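Understanding the architecture of this molecule
What follows is each chain in one-letter form.
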Amino acid sequence: MNALKRIAGILWIIAGPLAIYYLARTAISEINKKPVIDTKIQWAVFVIVFIPIAIGIIIFGFYAIKGEYDHLPGSSAEITD
Amino acid sequence: MKFGSCFLYLKSMNQPANEVQSIRKIITASSVGTLIEWYDFYIFGSLATVIASQFFPKTNPTAALLSTLATFAAGFIVRPFGALVFGRLGDLIGRKYTFLLTLIIMGSSTFAIGLVPGYQTIGFAAPIIVLILRLLQGLALGGEYGGAATYVAEHAPPNRRGFFTSWIQTTATLGLFLSLGIILITRHSLDADRVKSIAKFNEWGWRIPFLVSIFLVIVSVYIRLRMKESPLYAKLKTEGKTSANPLKESFMRRSNLKMVLLALFGATMGQGVVWYTGQFYAQSFIENICKVDFEQSRTILIWAILFATPFFVVFGNWSDKIGRKWIMLTGMLLAVITYRPLFGKLFSIADEKNKTEVLDKKQINTAIKPIVSSENSLRTIGTKHLYDDGTLVTETKTDTVYADAGKTTLKPDIKVSKLLPGKNYWLMVAIVFVMILYVTMVYGPIAAFLVELFPTKIRYTSMSLPYHIGNGIFGGLTPFIALLLTTIYTGDKLIGLYYSMIVAGLCFLIGVLYLRNTIDRDVND
């Protein structure tokens, strides 16, 4: 199971940039189609909000590859860093 | 399980009478306040159209811009910030005063929205004030939930944490229920004539649900003031072990950050989309895609909520016995598998193509009203079609009849409203009930799950952020993204569901792989 968790980490790392690319591409295309202020704000909000989340999933994938999720802490005593 | 019977159950477990009474008070005080906060937050959304006409006239581009900001910023950007601001405060000064503060901010902002004069009276100040108040609402909501859930969980006995916190979990749905109910009652109580009553509601009556909030908040503040600090937090404070920098400890420490990320990607993002799809998008789909009558679309949701709400407690209670993980993940999986057929059924119930029109019952009414200070007139053609199953479809076409005979309206305004007969109506209630049942599965155990994931000294901060990103951003954006998808890919009426299905599916996979199903009995660390 731990091996699978680590391998899946690669998927999460790839998912981040893919999501950013798809989001940015759709935002540009939609704003070009309808260049009004509502569309611009709407897509600006989506991009601003989802980019940090996409970075979050990259970090999550990185932790998974490093084996951070092989064992989850059972108490605060295990939070040592 | 009913609220009263749960305490009978506790008594039967030989819990001391004063302990039972104390837990009852804690749950009531926390839940009522949280319910009011959700009510306050939802009335703005439920009255968005009326508010827009009062404060954000479409004819003025700056006001329209502020409207968009109010919709997006408050619900989606500000909530996680509220989680950070008040979460930090809750870990620094305590749960009790922090979630008292969020309640006061939310209540006074809501009340103030009800008092702000319209755009016609004070011009640009109106939309700006409303935007600021809406941002304050979002901030307060971001701080409330984590406090209430933490407070109840830190009072609960270890083997009953899921059950006790599930009462907090009912509040979001009940807040929506209360907001819809008060709006519908107010809409019909302002005049004996229904049409006049609705007109008065749109003119000034919409303020009533906002103003009513202040009485609810005063009662709730009074109750919360009498509460004591969470025993676990009070113990930490006495021992001088509270965190000096909760934000740093929550998000800069690898060992805690990894749990925050796991909570977000393995639980709350799926929970958020299932929550918003089952309630908000379902109602919006019934009203805007199925074209069901305004009130029927809301009462369908009200009935479904009423029948499904007890299941928050059922699944919360069950999670104390079998663990949180699989209940939440089953809810997500069922959502992914069944959303398309369920929404497809909703659409086919209202679709005239599946019905036969009773042609001799067709009625056409035309009304022409002169337009003031113009030679033109406004023509309204109302056509009523009755179908064999009892569905009544009203099509209202409005256009301008120009004095110049050669000129015609390029695109007449056409509105369709379907009134469903009893059988179809209750079938829709049953389908929405199933979707809210999924909500209760993913949402009922999640407070206990989040509480158990983080240590006491940074619990408020650590659990609030993933919750509000999952619920506020992933969930809150569901109706908008779903609508956007239907405008981009116009061929499929159910295309909007793919957003929820993909997010819930991804969350399910991550949850299956990385979450553990053990119940952390000791959260006193």
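Our structure is the block above this text.
The following paragraphs examine the structure supplied in this document.

**Focus: the overall build of chain B**
Across its full length, chain B holds 21 helices and 4 strands. Computed over its C-alpha atoms, the radius of gyration of chain B comes to 25 Å, within 12% of the 24 Å expected for a compact globule of 525 residues. If one aligns the C-alpha atoms of chain B with their principal axes, the spans along those axes are about 85 × 50 × 45 Å. Split into buried and exposed, the 525 residues of chain B put 50% on the buried side. Within chain B, counting contacts between residues at least 6 apart in sequence, those at least 24 apart form 80% of the total.

**Remarks on the overall build of chain A**
Secondary structure assignment for chain A yields 2 helices and 0 strands. By the compact-globule yardstick of 12 Å for 81 residues, chain A is too spread out, its C-alpha radius of gyration being 18 Å. Overall size of chain A, expressed as C-alpha extent along the three principal axes, is 55 × 25 × 15 Å. Burial statistics for chain A: of 81 residues in total, 20% are counted as buried. In chain A, the share of contacts with a sequence separation of at least 24, taken over all contacts with a separation of at least 6, comes to 73%.

**Some details on the environment of B:G344**
Residues and elements named next belong to chain B. With respect to the helices and strands, the residue G344 is situated in helix 16 (residues 325-350). A count of 13 C-beta atoms within 10 Å places G344 in the partly exposed class. As for G344 and K493, which are separated by 149 residues in sequence, their C-alpha atoms are 8.7 Å apart.

**Some remarks on the nonpolar core**
All names here are of chain B. Counting 159 residues, the largest nonpolar core has V152, M332, V432, L450 and C507 as its most contacted members. By residue number, the principal contributor to this core is helix 13 (residues 254-289), which donates 19 residues. The residues that make up this core include at least three from each of domain 1 (1-242) and domain 2 (249-351 + 420-525). Apart from the residues lying within four places of it in its own chain, the contact partners of M332 are G270, V274, V442, A504, C507 and F508.

**Some words on the pairing of strand 1 (residues 363-370) of chain B**
All names here are of chain B. Burial of strand 1 is sparse: only 0 of the 8 residues sit out of reach of the surface. Relative to strand 2 (residues 377-386), strand 1 runs antiparallel, the two sharing 8 bridges. Residue pairing for strand 2: P370 is matched across the bridge by S377. A loop of 6 residues connects strand 1 with strand 2, the two strands running antiparallel in sequence, and S373 in this loop sits at a positive phi of about 50 degrees.

What counts as what
- Residues numbered from 1 in each chain as written.
- Chains lettered and ligands numbered in written order.
- Predicted model: local features only at pLDDT ≥ 70, side-chain atom pairs only at ≥ 80, totals over all residues.
- Helix = DSSP H or I, 4+ residues; strand = E, 2+ residues; numbered from the N terminus.
- Rg over C-alpha atoms; globule rule 2.2 N^0.38 Å.
- Buried ≥ 20, exposed ≤ 12 C-beta atoms within 10 Å, placed from the backbone.
- Contact = placed C-beta atoms within 7 Å.
- Core = buried A, V, L, I, M, F, W, Y, C linked by C-beta atoms within 7 Å.
- Domains from an automatic or database assignment.
- Pairing = 2+ DSSP bridges.

Geometric values such as these leave the question of function open.
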